[in-house]
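# Remarks on the overall topology
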There are 2 protein chains.
Amino acid sequence: MKVAVLGAGAWGTALAKILVEGGHDVTVWARHPERVATLATTGMNERYLPGIPVPGLHRVESDVRHASQNCECIVVAVPSKAFLEVTSSLRDFRGILVSVTKGIEYDTGLTMCGVLGQTVPEGKRVALSGPTLALEVAKGIPTASVVAGDDEEARQTVQQLFHRPSFRVYTSSDPLGVELGGALKNVVAIAAGSGDGLGLGDNSKAALLTRGIVEIRRLGVACGAQAETFAGLSGLGDLTVTCYSKLSRNRMFGERVGRGERPADIVAKSVAVAEGYPTARAAYQLAKNLRVSTPIIDEVYAVLYEGKNVARAFQDLTHRETKAED
Amino acid sequence: MKVAVLGAGAWGTALAKILVEGGHDVTVWARHPERVATLATTGMNERYLPGIPVPGLHRVESDVRHASQNCECIVVAVPSKAFLEVTSSLRDFRGILVSVTKGIEYDTGLTMCGVLGQTVPEGKRVALSGPTLALEVAKGIPTASVVAGDDEEARQTVQQLFHRPSFRVYTSSDPLGVELGGALKNVVAIAAGSGDGLGLGDNSKAALLTRGIVEIRRLGVACGAQAETFAGLSGLGDLTVTCYSKLSRNRMFGERVGRGERPADIVAKSVAVAEGYPTARAAYQLAKNLRVSTPIIDEVYAVLYEGKNVARAFQDLTHRETKAED
């Protein structure tokens, strides 16, 4: 199949590698092709996946329309803040669009497939998500993911498109739940990382994760998603890997916050985007609008955007009065 | 309150410490008081909690009846294989019994509160569980736990008995679910540890944990527990800490299996009990009897009791045909 991958960050590159290995005809779009010039020459993405061979990606384009010409499928792997702009140039596309970006638009509360519904109204939209650290996927370490969409044929096509012995693809008919799980877990992972930075223990982290998934589910259900989805790969699975892995950007972002760095300074200095930072603001607003109780998200928001002391935020969280588990 | 803690292992000692800090009158029973003689003298349990001060535990008894005389509450913290024998000498007790042991009796499929129902029929039974690594609790690191029982008054009494600023106690009215979550997670943690020993990555582990809790819930519900309980502290929370913590015995047991040690050799050489080892056998039998699909438990059983190669077990798990998430 002829496929375009928009975005040559770590995740876009890892997915392009999988597609090439599956025998597909892949073109990569990069906003700054000069930053990933080694992709087409030495078969490496030295900026985002240093040291990992990604051979076979010879076509790297800087024009979105040119990159996606005659493609049956377009994979969108750009940061959430660029999603609207990049996909707006695909307006007339009628093939399959795969969003692999985890975020929530602040102004509208839309997930990325929701944004696609506005920018590419005739496209068939699916989301690919799950516990999928790009570096491990690029290395061929066994990974399970989930593809979700309203169109059954489209999600089965995408399942077959990406399925490899070391990259299992499940399907789900709840794209909203899959996307919200993937986006909201980054906010809880920032909290978990902050706990690491403060030197809290494994018991505390497990409790935070357990209460975190309750909160994610509550907000997701209020948005119209199915409760069970949050117990799956894109909810619990992705939350787990993001809260625990040394490789997780959002956990690491939180760890630096826990150690006392200013959130805005970390954002300014980072090469790769920690999506939990903008998502915390969008999720906080969404929960307020829908009148959903989200104590962890509220504390992360207060630390990231209102200058609240992070140790104080943890104290306020753990001293909440709670009697029964539910 | 006058309380006896039966068992002077790491968990019994950590809980006794919390009770002393809460101002309660605590007697500890130890099968071999000479092994924990420093508890009453230097305020240390050098064998099971080396280096952690546990002052105020002056009464260490070797006779169960003597230790529990005139107590309103008895905390049972002995390994599951000794549970029946130790609690059989409490037959006439009518106060509150708190089981903190995570296991399933092979012959009957009973949890520890189920065993208490037979050995101490007039006692009020509750289970205390959750992501509670003994070492962290003994150090005063913030921890959340859950106490479950049919008798509302008994569980509220136990909630107040243990509640401390750094040890939060929630309540649940589903003791079976709380106990099965606590017992079965050890089997999945052995699988997770085996993956660590084999050098599998964070994506794989998150997928294993996600599928693991589905399997635990499925078996638990077939036994009569409530599905939601497994999303709580004693299910997901305890599973998480046990699969990820360096301090977890069951994860470490699995890691050694993954590195190629023989399971029976590890058991023979260990000071502390990895409850997942006997639980794997009991859970496998229980799932067979109830005709519940438990692929992870089945593979752990095959590795631990039938000599199956652990790498092969992982291959068989990851190559199962799966299309949709549910």
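Presented here is an overview of the structure given in this document. Note that the coordinates shown come from a computational prediction; the quantities given were computed from them, not determined experimentally. (Residues numbered from 1 in each chain as written. Chains lettered and ligands numbered in written order. Predicted model: local features only at pLDDT ≥ 70, side-chain atom pairs only at ≥ 80, totals over all residues. Heavy atoms only, no water.)

## A short note on the packing of helix α14 (residues 295–305) of chain B against helix α15 (residues 310–318) of chain B
Packed helix pairs are specified by the crossing angle of their axes together with the interaxial distance, meaning the distance between the axes. Residues and elements named next belong to chain B. Under the convention used in this document: Simply put, an axis is a line fit to the C-alpha atoms, just over the touching stretch for a helix, and the angle between two N-to-C directions goes from 0 to 180 degrees. Only runs of H or I of at least four residues qualify as helices and only runs of E of at least two qualify as strands under DSSP, and these elements are numbered from the N terminus. Orientation labels follow simple angle bins: below 35 degrees gives roughly parallel, above 145 gives roughly antiparallel, 65 to 115 gives roughly perpendicular, and whatever is left gives oblique. Each helix crossing is assigned a hand: it is left-handed if the near helix lies turned anticlockwise from the far helix by less than a right angle, otherwise right-handed if that turn is clockwise. Only heavy atoms matter for contacts: two residues are in contact if any of them lie within 4.5 Å across the pair. Three classes are used, and their members are as follows: Ala, Val, Leu, Ile, Met, Phe, Trp, Tyr, Cys and Pro are nonpolar, Asp, Glu, Lys and Arg are charged, and the others, Gly among them, are polar.
Interhelical geometry of α14 versus α15 gives an angle of 165° and a closest axis separation of 10 Å. It follows from the interaxial angle that α14 and α15 lie roughly antiparallel. For the crossing formed where α14 meets α15, the hand is right-handed. Mapping the contact onto sequence places Pro 295, Ile 296, Glu 299 and Val 303 in α14 and Val 310, Ala 313, Asp 316 and Leu 317 in α15. Partitioning the contact of α14 with α15 into residue classes produces 6 nonpolar, no polar and 2 charged.

## Brief notes about the interface of chain B and chain A
Put simply, the rule reads: Put simply, buried area is how much 1.4 Å-probe accessible surface two parts lose in total, over both of them, once they are put together. Salt bridges are counted wherever a side-chain nitrogen of Lys or Arg sits within 4 Å of a carboxyl oxygen of Asp or Glu. N or O atoms within 3.5 Å of each other form a polar contact, as long as, within protein, one can give a hydrogen and the other can take it, and as long as residues adjacent in sequence are counted only when both atoms are side-chain atoms.
With 44 residues of chain B in contact, the opposing surface of chain A contributes 43 residues. Summed over both sides, the interface of chain B with chain A buries roughly 3500 Å², with 54% coming from carbon and sulfur. Between the two partners, chain B and chain A, sit 0 salt bridges. Connecting chain B to chain A are 15 residue pairs in polar contact (both at pLDDT 80 or more). Contributing elements (two or more residues each) for the side of chain B that touches chain A: α6 (134–139), β9 (143–149), β10 (167–172), α9 (202–223) and α10 (233–244) of chain B.

## Digging into the sheet that holds strand β1 (residues 2–6) of chain A
Strand-to-strand pairing in sheets goes through backbone hydrogen bonds, with the strands running parallel or antiparallel. All names here are of chain A. Just so we agree on the cut-off: Criterion used throughout: strands pair if DSSP finds at least two bridges between them.
Ordered by their spatial adjacency, 8 strands build an open sheet running β5-β2-β1-β6-β7-β8-β9-β10, and the pairing between neighbours is mixed. Edge positions in the open sheet fall to β5 (59–61) and β10 (167–172), since each of these has one partner strand only. Each strand axis lies, on average, 25° off the axis of its neighbour in the sheet, ignoring direction. Contacts between helix α8 (residues 175–198) and the sheet are confined to β7 (96–99), β8 (124–129), β9 (143–149) and β10, with β9 contributing the most and set at about 130° to the helix.

## A word on the relation of the copies chain B and chain A
We apply this condition: Superposing copies: least-squares fit, C-alpha atoms only, residues required to have pLDDT of at least 70 in both.
Least-squares fitting of chain B to chain A yields an RMSD of 0.0 Å, with the superposition described by an axial translation of 0.0 Å and a rotation of 180°. Each copy turns onto its partner about a two-fold axis. A shared binding surface is used by both copies, with 98% of the interface residues of chain B retained as interface residues in chain A.

## What about unusual backbone geometry?
The phi angle at Asn 70 of chain A is positive, at roughly 60°, despite the residue not being glycine. Even without being glycine, Arg 291 of chain B reaches a positive phi, approximately 55°. With respect to the element layout, Arg 291 of chain B can be found in the loop between α13 (276–290) and α14.

## A word on the packing of α8 of chain A against helix α13 (residues 276–290) of chain A
Residue and element names in this part refer to chain A. With their axes 8 Å apart at the nearest point, α8 and α13 run at an angle of 105° to one another. Taken together, the axes of α8 and α13 lie roughly perpendicular to each other. For the pair α8 and α13, contact is made by Ala 183, Leu 184, Asn 186, Val 187 and Ile 190 and by Gly 276, Tyr 277, Thr 279, Ala 280 and Ala 283, respectively. Residues belonging to the contact of α8 with α13 are distributed by class as follows: 7 nonpolar, 3 polar and no charged.

## A closer look at the pairing of β10 of chain B
All names here are of chain B. Just so we agree on the cut-off: Think of it in three bands: with a 1.4 Å probe and only protein chains considered, a residue is buried below 20% of the maximum accessible area for its type, exposed above 50%, and partly exposed in between. Looking down the strands as they point away from you, a crossover is right-handed if its path from the first strand over the helix to the second goes clockwise.
Burial of β10 is extensive: 6 of the 6 residues sit out of reach of the surface. Of the two faces of β10, the one carrying Phe 167, Val 169 and Thr 171 and the one carrying Arg 168, Tyr 170 and Ser 172 are both buried. Relative to β10, β9 is paired through 6 bridges, and the arrangement is parallel. Note that in β10 the partner of Thr 143 across the bridge is Phe 167. Between β9 and its parallel partner β10, the chain crosses via helix α7 (residues 152–162), and the hand of that crossover is right-handed.

## Digging into the packing of aromatic side chains
This is how the line gets drawn: Pairing of aromatic side chains here covers Phe, Tyr and the six-membered ring of Trp, requires ring centres within 6.5 Å, and sorts the geometry by plane angle: under 30 degrees stacked, over 60 edge-to-face, intermediate tilted. Look at NZ for Lys and CZ for Arg. If either is within 6 Å of the ring centre and within 35 degrees of the ring normal, a charge sits over the ring.
With the rule as written, the count across this model stands at 9 aromatic pairs over all chains. Ring centres 4.0 Å apart and planes at 10° place the aromatic pair Tyr 244 of chain A and Tyr 244 of chain B in the stacked group. On the criterion of chain membership, the pair formed by Tyr 244 of chain A in helix α10 (residues 233–244) and Tyr 244 of chain B in helix α10 is interchain, its members lying in two chains. By the burial criterion, Tyr 244 of chain A is buried, and Tyr 244 of chain B matches it. With a centroid separation of 3.8 Å and an interplanar angle of 5°, the aromatic rings of Tyr 284 of chain A and Tyr 301 of chain A are classed as stacked. Here Tyr 301 of chain A lies in helix α14 (residues 295–305) and Tyr 284 of chain A lies in helix α13, a separation of 17 residues in the sequence. Pairwise contacts between aromatic rings join Phe 253, Tyr 277, Tyr 284, Tyr 301 and Tyr 305 of chain A into one cluster. Looking at Lys 205 of chain A, its charged tip hangs above the ring of Tyr 244 of chain A, at a distance of 4.6 Å from the centre. Above the plane of the ring of Tyr 106 of chain A lies Arg 281 of chain A, whose end atom (NZ or CZ) is 3.7 Å from the centre.

## Focus on helix α11 (residues 249–258) of chain A
Residue and element names in this part refer to chain A. Taken across its 10 residues, α11 has 7 buried, putting it largely inside the fold. All of the buried residues along α11 are Asn 250, Arg 251, Phe 253, Gly 254, Glu 255, Val 257 and Gly 258. Sitting at the head of α11, Ser 248 places a side-chain oxygen 3.4 Å from the backbone nitrogen of Asn 250. In the segment just after α11, Gly 260 is the residue with positive phi, at about 110°.

## Comments concerning the side chain of Glu 179 of chain B
Residue and element names in this part refer to chain B. Which entries qualify depends on this criterion: The charged-residue count follows a simple rule in which Lys and Arg add positive charge and Asp and Glu add negative charge, with His and chain termini not counted at all.
With respect to the secondary-structure elements, Glu 179 resides in helix α8 (residues 175–198). Of the side chains with opposite charge, Arg 125 comes closest to the buried, unpaired Glu 179, at an N-O distance of 7.8 Å. Reaching out from Glu 179, the side chain makes a polar contact with the side chain of Thr 111 at a distance of 2.7 Å. In this view, Glu 179 contacts Ser 99, Thr 111, Met 112, Cys 113, Gly 114 and Ala 127; residues no more than four positions away in its chain are not counted.

## Re the pattern of salt bridges
Residues and elements named next belong to chain A. Tallied over the entire structure, the rule returns 32 salt bridges over all chains. Where Arg 251 meets Glu 255, a salt bridge forms, and the shortest distance between an N and an O atom there is 2.6 Å. Of this pair, Arg 251 and Glu 255 both sit in helix α11, separated by 4 residues, roughly a single helical turn. The pair Arg 251 / Glu 255 is uniform in exposure class, with both members buried. Connected through shared salt-bridge partners, Asp 196, Lys 205, Arg 251, Glu 255 and Arg 259 make up one network.

## What to know about the environment of Gly 130 of chain A
All names here are of chain A. With respect to the helices and strands, Gly 130 occurs in the loop between β8 and α6 (134–139). By relative accessible area, Gly 130 is classed as buried at 0%. Beyond its immediate chain neighbours, meaning those up to four positions away, Gly 130 contacts Lys 102, Leu 233, Ser 234 and Asp 238.

## Structural notes on the pairing of strand β6 (residues 73–76) of chain B
All names here are of chain B. By the alternation rule, side chains of β6 split into Cys 73 and Val 75 and Ile 74 and Val 76, which are all buried. Both strand β1 (residues 2–6) and β6 contribute to a ladder of 4 bridges, which runs parallel. What sits directly across from Leu 6, in β6, is Val 76. Pairing between β6 and strand β7 (residues 96–99): 4 bridges, direction parallel. Bridging from a neighbouring strand, Cys 73 pairs with Ile 96 of β7. In this fold, the crossover linking β6 to β7 by way of helix α4 (residues 80–88) has right-handed handedness.

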